[in-house]
Amino acid sequence: MRAKDIREKAGEEPITMLTAYDAPTAELVDEAGVDAVLVGDSVGNTRLGYDSTLPVTVDEMASLTAAVARATDDALVVADMPFLSYGADEDEAVENCGRMLKEADADAIKLESGPHTVELTRRLTRLGVPVQAHLGLTPQRENETGLFRQGTDEESARRILDLAREHEAAGAFSLVLEHVPANLAASVTEALDIPTIGIGAGPDCDGQVLVVDEVIGLSERTAPFSQKFGDVRGEMREAIGDYAEAVESGEFPADEHSHHEDEVDDVY
Ligand code: KIV
């Protein structure tokens, strides 16, 4: 799948996107026929033990993206650009984004967008780096906005719509809309030719994205707009507990887990 295939799905069948941060998860997501795998900087909270996404580095994202890309045959692999890897110096931003395609084999990058990413989106697109924009709740701005719903009054809703149009004009191939009112997401979707992919943005977007840890039930908490479709945390807890008990009781390892060699019988 290429960025242009995702762009062409706007208004057609629903686009599916899910995060993955490692090869085995990416393999399962790809096998399920999900259209796009997002190596999200949400890995900071979900897997790296941070309280926010802010500490995640470009090196970490490159390494995780490479693992996901190695395990993915069909889905589009999108690398999320971490906090301050873009937005300050434009040449440095282009280099950081380019690394995701050159070194990590991503197919596209995602930028948490704002007025500061319009020109960068244009430049990257012209250079051949497909850009997915992201508006609404953008967790990298949590110190400024908090992790709250966005676009809830007329002025901020209009700002989101204007920025969506500007990023489309700058060449973005799709737009993630996070935690905005469903009716605003429907208006943005109607206004754009590129697809919108919602997370907490109602049913009228062209597609949906969620954090895989919440979908499989690995994380302790689930966002109110998300849904737990499994209980991997419960399964892991049970398996790990059973293992510890089996070792403590001497049940593991059993004969079938061991091997013996006659030649080494007399070695002391
Ligand atoms: O980092 C992430 O996982 C994301 C999605 C929630 C859209 O940006």
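Conventions used here
Along every chain, residues carry numbers that run from 1 in the direction the sequence is written. Where local features are concerned, this predicted model is filtered to residues with pLDDT of at least 70; where side-chain atom pairs are given and counted, the filter is 80 or more; whole-chain, interface and lining totals use all residues. Based on all heavy atoms of the structure, the side-chain values leave hydrogens and waters out of the count. Numbering of helices and strands starts at the N terminus; helices are DSSP runs of H or I of at least 4 residues and strands are runs of E of at least 2. Working definition: with a 1.4 Å probe on protein chains only, accessible area under 20% of the residue-type maximum means buried, over 50% means exposed, and in between means partly exposed. By the convention used here, residues are in contact when the closest approach between their heavy atoms is within 4.5 Å. Surface accessibility follows the Shrake-Rupley procedure with a 1.4 Å probe radius. Residue values consider only the protein chains on display as shielding. Here Asp and Glu are counted as negative and Lys and Arg as positive; His is not counted, and neither are the chain ends. Working definition for charges: the position is that of NZ of Lys, CZ of Arg, CG of Asp or CD of Glu. Strand pairing is assigned whenever DSSP identifies at least 2 bridges connecting the two strands. Seen with its strands pointing away from the viewer, a crossover is right-handed if its path from the first strand over the helix to the second goes clockwise. The salt bridge definition used is simple: a Lys or Arg side-chain nitrogen within 4 Å of an Asp or Glu carboxyl oxygen. For patch building, the residue pool is restricted to those with more than 30% relative accessible area and no salt bridge; the joining distance is 9 Å between like charges and 5 Å between nonpolar side chains (Val, Leu, Ile, Met, Phe, Trp, Tyr). For the purposes of this section, nonpolar cores are sets of buried Ala, Val, Leu, Ile, Met, Phe, Trp, Tyr and Cys residues that join through side-chain atoms within 4.5 Å. Here a residue is near a molecule or strand as soon as one of its heavy atoms is found within 4 Å of it. Each polar contact in these results corresponds to two N or O atoms within 3.5 Å; when the atoms are within protein, one needs to be able to donate a hydrogen and the other to accept it, and residues that are neighboring in sequence are counted only if both atoms are side-chain atoms. Nonpolar residues are Ala, Val, Leu, Ile, Met, Phe, Trp, Tyr, Cys and Pro. Charged residues are Asp, Glu, Lys and Arg, and all others, Gly as well, are polar. Here, axes are lines fitted to C-alpha atoms. For helices the fit covers the stretch in contact, and angles between N-to-C directions go from 0 to 180 degrees.

### Some details on the overall build of the chain
So, step 1. When helices and strands are tallied, the chain shows eleven helices and eight strands.
So, step 2. The C-alpha extent of the chain, read off along each of the three principal axes, is 80 × 35 × 35 Å.
So, step 3. When each of the 268 residues of the chain is scored for burial, the buried share is 49%.
So, step 4. Contacts spanning at least 24 positions in sequence make up 57% of the contacts within the chain whose residues lie at least 6 apart.
So, step 5. As displayed, the chain has an accessible area near 14,400 Å², and 48% of this comes from carbon and sulfur atoms.
So, step 6. Averaging the positions of the 21 positive and the 56 negative side-chain charges in the chain gives two centres separated by 11 Å.

### With respect to the pairing of strand β1 (residues 15-19)
So, step 1. Within β1, four of the five residues are buried, which leaves it mostly tucked inside the rest of the structure.
So, step 2. Pairing of β1 with strand β8 (residues 207-210) involves four bridges; the strand directions are parallel. Directly across from T16, in β8, lies its bridge partner Q208.
So, step 3. Bridge count between β1 and strand β2 (residues 36-39): three bridges; the pairing is parallel. Directly across from M17, in β2, lies its bridge partner A36.
So, step 4. For the crossover that starts at β1, traverses helix α2 (residues 23-31) and ends in the parallel β2, the hand is right-handed.

### Quick word on the pattern of salt bridges
So, step 1. This structure, assessed with the given rule, holds 16 salt bridges.
So, step 2. Where R47 meets D22, a salt bridge forms, and the shortest distance between an N and an O atom there is 2.8 Å. Here R47 is found in the loop between α3 (43-46) and α4 (58-70), whereas its partner D22 is found in the loop between β1 and α2, with 25 residues between them in sequence.
So, step 3. Given a relative accessible area of 18%, D22 falls into the buried group.

### Description of a negative patch on the surface
So, step 1. Negative charge collects at one region of the surface, where E235, E238, D242, E245, E248 and E251 lie side by side.
So, step 2. Locating E245 in the fold gives a position in helix α11 (residues 232-249).

### As for the nonpolar core
So, step 1. Ranked by internal contacts, the top residues of the largest apolar core, which has 50 residues, are M100, I109, L111 and L124.
So, step 2. At five residues, α4 tops the list of elements feeding residues into this core.
So, step 3. Apart from residues no more than four positions distant in its own chain, L124 is found in contact with V94, C97, I109, L111, V129 and V131.
So, step 4. Among the nonpolar cores identified, the runner-up in size contains 18 residues, and A164, V180, V188 and C205 belong to it.

### Examining the site of the ligand
So, step 1. Taken together, T19, L38, G40, D41, S42, D80, K110, H134 and I199 make up the full set of residues near the ligand.
So, step 2. Between an oxygen atom of the ligand and a side-chain N or O atom of K110, the distance comes to 3.0 Å.
So, step 3. Burial of the ligand by the protein chains amounts to 96% of its free accessible area of 250 Å².
So, step 4. Grouping the amino acids of the shell around the ligand by side-chain chemistry returns two nonpolar, four polar and three charged.

### Quick word on the pairing of strand β3 (residues 76-80)
So, step 1. With five of its five residues buried, β3 lies for the most part within the structure.
So, step 2. Residue alternation in β3 divides its side chains into two sets, L76, V78 and D80 and V77 and A79, and both sets are buried.
So, step 3. Sheet topology places β3 next to strand β4 (residues 108-112); three bridges connect them, and they run parallel. Opposite A79, over in β4, you have I109 as the bridge partner.
So, step 4. Handedness of the crossover joining β3 and β4 through helix α5 (residues 90-102): right-handed.

### Quick notes on the sheet that holds strand β5 (residues 131-136)
So, step 1. With respect to topology, eight strands assemble into a closed barrel ordered β1-β2-β3-β4-β5-β6-β7-β8, the strand pairing being parallel. Adjacent strand axes in the sheet meet at a mean angle of 25° when their direction is disregarded.
So, step 2. In the packing of α5 onto the sheet, contacts are made with β3 and β4, and the angle to β4 comes to roughly 145°.

### Points about a nonpolar patch on the surface
So, step 1. On the surface, Y243, V247 and F252 cluster together into a nonpolar patch covering about 290 Å² of accessible area.
So, step 2. What makes F252 partly exposed here is its relative accessible area of 35%.

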